[in-house]
Amino acid sequence: MSSDKFRKDDFIDETDPLPAVQPATGRWAEPYRARNTGLWTVHLRHPETIHEGDGRLVDTLTATDLHTLGDLMVQQDELAREVRR
């Protein structure tokens, strides 16, 4: 049996990151459909980033369908960019 069969690369250390887990990206978490209302809902990943002076920005969006929710998310992203300037 060859010693090349078991190389260091074949072992995963307990401190190594899991290969299937990707870091969360973007402003919004994953949308979900609420059981009690049936509405699609999405939350900001970091709601503390909202500037309190602008009442147009929200940390939670709800809509009847995913397409509308996506449009609302884009609208909020544009408003957030405008506020940051």
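Right above here is the structure, for reference.
No experiment lies behind these values; they were computed from the predicted model shown.

1. Some remarks on the pairing of strand E3 (residues 60-63)
Across a regular strand the side chains alternate sides, sitting on one face of the sheet and then on the other. Only one face of E3 is buried, namely the one carrying Leu-61 and Ala-63, since none of Thr-60 and Thr-62 on the opposite face is buried. The pairing of strand E2 (residues 40-43) with E3 spans four bridges and is classified as antiparallel. Bridge pairing in E3 places His-43 opposite Thr-60.

2. Quick word on the sheet that holds E2
Strand order in the open sheet formed by three strands is E1-E2-E3, with antiparallel pairing between adjacent strands. If you trace the sheet from one side to the other, it starts and ends with strand E1 (32-33) and E3, each paired once. Where helix H1 (residues 66-84) meets the sheet, it contacts E2 and E3, and its direction lies at approximately 150° from that of E3.

3. With respect to the pairing of E2
Alignment of E1 against E2, held across two bridges, turns out to be antiparallel. Looking across to E2, one finds that Tyr-32 is bridged to Thr-41. Two successive antiparallel strands, E1 and E2, enclose a turn made up of six residues, where Gly-38 displays a positive phi of approximately 80°.

4. Describing the nonpolar core
A general trend in soluble globular proteins is that nonpolar side chains are found buried together. One finds Trp-28, Val-42, Leu-44, Ile-50, Leu-57, Leu-61, Ala-63, Leu-69, Met-73, Leu-79 and Ala-80 forming the largest nonpolar core, which totals eleven residues. Residue contributions to this core peak at four residues, all from H1.

Conventions we followed
- Note on numbering: residues in each chain are counted from 1, in written sequence order.
- Residue-level local features of this predicted model are given only where pLDDT is at least 70; pairs of side-chain atoms are given and counted only at 80 or more, and the full residue set underlies all totals for whole chains, interfaces and linings.
- For side-chain calculations, the full set of non-hydrogen atoms in the structure is used, while hydrogens and water are omitted.
- Relative accessibility thresholds used throughout: buried, under 20% of the residue-type maximum; exposed, over 50%; partly exposed, between the two (1.4 Å probe, protein chains only).
- Secondary structure is summarised from DSSP: a helix means a run of H or I of at least four residues, a strand means a run of E of at least two, and numbering begins at the N terminus for each.
- Two strands pair under a simple rule: DSSP has to find at least two bridges between them.
- Whether two residues are in contact is decided by their heavy atoms: any pair within 4.5 Å suffices.
- Helix axes use the C-alpha atoms of the stretch in contact, all axes being lines fitted to C-alpha atoms, and the angles between their N-to-C directions lie in the range 0 to 180 degrees.
- Put simply, a nonpolar core is a bunch of buried Ala, Val, Leu, Ile, Met, Phe, Trp, Tyr and Cys residues held in one set by side-chain atoms that sit within 4.5 Å of each other.

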